[in-house]
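Close look at the chain arrangement
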Amino acid sequence: MKLSGRNAIVTGANRGFGFEVAKKFVQEGASVVICGRDPDQVSHAVSVLQGLTSPGQTVAGLPLDVSKEESVKKLVDTAIARLGRIDIVVNNAGVYGPKGLIEDVDSGEWISAININLFSVFFMCKWILPHMKKNNAGKIINLSGGGATAPLPRISAYAASKAAVVRLTETLAEECKEYSIEINAVAPGALNTRLLDEVLESGPERVGKAFYEKALKQKSNGGTPLDLGAALCVYLASPESDGITGKLISAPWDPWQDLARYREDLKNTDIYTLRRIVEKDRGRNWES
């Protein structure tokens, strides 16, 4: 098993993609501590995951809000107390936030989405990195998505926060290289989860006709399988990905199963990163 004997924290794992990641981790031999905001859902998820364990594995869960620093500190402290050592963190908790033109959305809801999508990642890294640095090892996986790499009209809080998560990932990866801590971002693909249902419930007036029709098509086609992105998280959490850090990797579009063959290229290029495009990158010369 790829994660045998390893210990992980997975946020937002009481349902949807986060639960799928936690399930894959348990099936690959890891012990996990999960969290979510709904106590009943967390309890149910823990019960299901415990049914997948083998002797020696531990599954625990906490109902809490990762947009609050004191809650994240409690999660980290509890996970270390229960498991003894944390090898892997998956920052999965996230929301779309308010939908609509920026002048129409509620400011409090917009800021709340930033808190959940971005600040939760900051808080987790702030409190887990001293532990990982002490161990001189660790893997952190931050969930990003399509909002990070292209404009997302009418879902601005999500787009801005997910782009920020990628740059935070790149920055912390550089800060942590000397400690053998590897930090990457994952785009899991277009998933048929509660976030898609939110878009459909909002309607074309709030999310825009093009995005709404795209969501309808995704709902009909089934979207990207949850287990594909979860398998990528397993890969990035395992020794197979050693040496890969500071990258945004797409589960459905990138050849991540073979990335180990290209470690040196990844170390020495800006492939799978967010960068400014200048005219020369597109075959143009605007110098006078």
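To be clear, the structure that these remarks concern was listed above.
About the cut-offs
- Residues numbered from 1 in each chain as written.
- Predicted model: local features only at pLDDT ≥ 70, side-chain atom pairs only at ≥ 80, totals over all residues.
- Heavy atoms only, no water.
- Helix = DSSP H or I, 4+ residues; strand = E, 2+ residues; numbered from the N terminus.
- Rg over C-alpha atoms; globule rule 2.2 N^0.38 Å.
- Contact = heavy atoms within 4.5 Å.
- Areas by Shrake-Rupley, 256 points an atom, 1.4 Å probe, with all protein chains shown as cover.
- Axes fitted to C-alpha atoms, helices over the stretch in contact; angles between N-to-C directions.
- Parallel < 35°, antiparallel > 145°, perpendicular 65-115°, else oblique.
- Left-handed = near helix turned anticlockwise from the far one by under 90°.
- Pairing = 2+ DSSP bridges.
- Core = buried A, V, L, I, M, F, W, Y, C linked by side-chain atoms within 4.5 Å.
- Buried < 20%, exposed > 50% of the residue type's maximum accessible area, 1.4 Å probe, protein only.
- Phe/Tyr/Trp six-rings, centres within 6.5 Å; stacked < 30°, edge-to-face > 60°.
- Lys NZ or Arg CZ within 6 Å of the ring centre and 35° of its normal.

1. Looking at the overall build of the chain
Within the chain, the regular secondary structure consists of 10 helices and 7 strands. For 288 residues, the compact-globule estimate of 2.2 N^0.38 gives 19 Å, and the C-alpha radius of gyration of the chain, at 19 Å, lies within 12% of that figure. Summarising its shape, the C-alpha atoms of the chain cover approximately 60 × 45 × 35 Å along the three principal directions. Sequence-distant contacts in the chain: of pairs separated by 6 or more residues, those separated by 24 or more amount to 71%. When the accessible surface of the chain is totalled, it reaches about 13,800 Å², and 50% of it is carbon and sulfur.

2. Remarks on the packing of helix α3 (residues 69–83) against helix α4 (residues 107–135)
As a packed pair, α3 and α4 sit with axes 9 Å apart at the nearest point and diverge in direction by 30°. Regarding the angle of α3 to α4, the classification is roughly parallel. When the axes of α3 and α4 are compared, the crossing they make is right-handed. Here Glu69, Val72, Lys73, Leu75, Val76 and Ile80 of α3 lie close against α4, whose contacting residues are Phe123, Met124, Lys126, Trp127, Ile128 and His131.

3. Details of the sheet that holds strand β6 (residues 181–187)
Across the sheet, 7 strands lie side by side as β3-β2-β1-β4-β5-β6-β7; this open sheet has parallel pairing. The open sheet is flanked by β3 (59–63) and β7 (248–250), the only strands paired with a single partner. For this sheet, the mean angle separating the axes of adjacent strands, direction not counted, is 20°. Its contacts with the sheet place helix α2 (residues 39–50) against β2 (31–36) and β3, and it is angled at close to 175° to β3. Across the sheet, helix α9 (residues 226–237) touches β4 (88–91), β5 (138–143), β6 and β7, and the angle it forms with β5 is around 155°.

4. Focus: the nonpolar core
Membership of the largest hydrophobic core comes to 36 residues, with the highest contact counts inside it found for Val21, Phe25, Val32, Ile34, Leu49, Val90 and Leu232. Listing elements by their share of this core, those giving two or more residues are β1 (7–10), α1 (16–27), β2, α2, β4, β5 and α9. Looking at which element gives the most residues to this core, the answer is α9, with 7 residues. Here leucine 232 is in contact with Val186, Ile249, Ser250, Ala251 and Trp256, once residues within four sequence places are set aside. Val72, Val76, Leu168 and Leu172 belong to the second largest nonpolar core, which has 32 residues in total.

5. Observations concerning the packing of aromatic side chains
In total, this model carries 4 aromatic pairs according to the counting rule given. Summarising the aromatic geometry, the rings of phenylalanine 119 and phenylalanine 123 are spaced 6.2 Å apart at their centres and angled 70° between planes, so their arrangement reads as edge-to-face. Of this pair, phenylalanine 119 and phenylalanine 123 are both found in helix α4, 4 residues apart, which corresponds to roughly one turn of the helix. Exposure remark for phenylalanine 123: the relative accessible area of 9% places this residue in the buried category. An aromatic cluster of three or more residues is present, and its members are Phe119, Phe122 and Phe123. Over the face of the ring belonging to tryptophan 127 we find lysine 73, whose NZ or CZ atom lies 5.3 Å from the ring centre. Stacked on the ring of tryptophan 127, the Lys or Arg lysine 126 has its end atom at 5.6 Å from the ring centre.

6. Notes on the packing of α1 against α9
Their axes nearest at 9 Å, the elements α1 and α9 cross at an angle of 50°. With respect to each other, α1 and α9 are oriented oblique. Along this stretch, α1 crosses α9, giving a crossing that reads as right-handed. For the pair formed by α1 and α9, the contact residues are Gly16, Phe17, Glu20, Val21, Lys24 and Phe25 on the first element and Leu226, Asp227, Gly229, Ala230, Cys233, Val234 and Ala237 on the second.

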